[in-house]
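Inside the fold
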Amino acid sequence: MVKHIVMWKLKDFAEGADKAANALKMKQKLESCAQLVPGTLKFEVKLPEPGLEATYDIVLYSEFDSKESLDAYADHPVHVAVKPFIGAVRSERQCMDYHA
């Protein structure tokens, strides 16, 4: 199994919207990628929750049955189409993939 975790900090204003609106839009776009490829075991997109610590604005936690499934997800046209919006609204990105 391969875990794929990505965290983003968003710009205060981008693409004609504020951070909160862009976070919701980004969450929806990412959630549309949840069932793109066989081998996706888990796919969660979360925003900070009041009362809990958060140093990033949005997180993707996903699990794939293999590196090949993760690669298929990364190269899928729907996922690739989400990237320009994310690139326009994010100020920082952290990612880690690892075998579990």
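Residues numbered from 1 in each chain as written. Predicted model: local features only at pLDDT ≥ 70, side-chain atom pairs only at ≥ 80, totals over all residues. Heavy atoms only, no water.

Turning next to the packing of aromatic side chains. Applying the stated rule across the entire model yields two aromatic pairs. With a centroid separation of 5.7 Å and an interplanar angle of 70°, the aromatic rings of F43 and Y73 are classed as edge-to-face. In this pair, F43 is assigned in strand β4 (residues 40-46) and Y73 in helix α2 (residues 67-75), connecting sequence segments 30 residues apart. On the basis of relative accessibility, which here comes to 16%, the residue F43 falls in the buried class. For Y73, a relative accessible area of 1% puts it in the buried group. For the pair F64 and Y73, a centre-to-centre distance of 5.3 Å together with 35° between the ring planes defines the contact as tilted. Each of the two residues, F64 as well as Y73, counts as buried. Taken together, F43, F64 and Y73 form an aromatic cluster joined through their ring pairs. (Phe/Tyr/Trp six-rings, centres within 6.5 Å; stacked < 30°, edge-to-face > 60°. Helix = DSSP H or I, 4+ residues; strand = E, 2+ residues; numbered from the N terminus. Buried < 20%, exposed > 50% of the residue type's maximum accessible area, 1.4 Å probe, protein only.)

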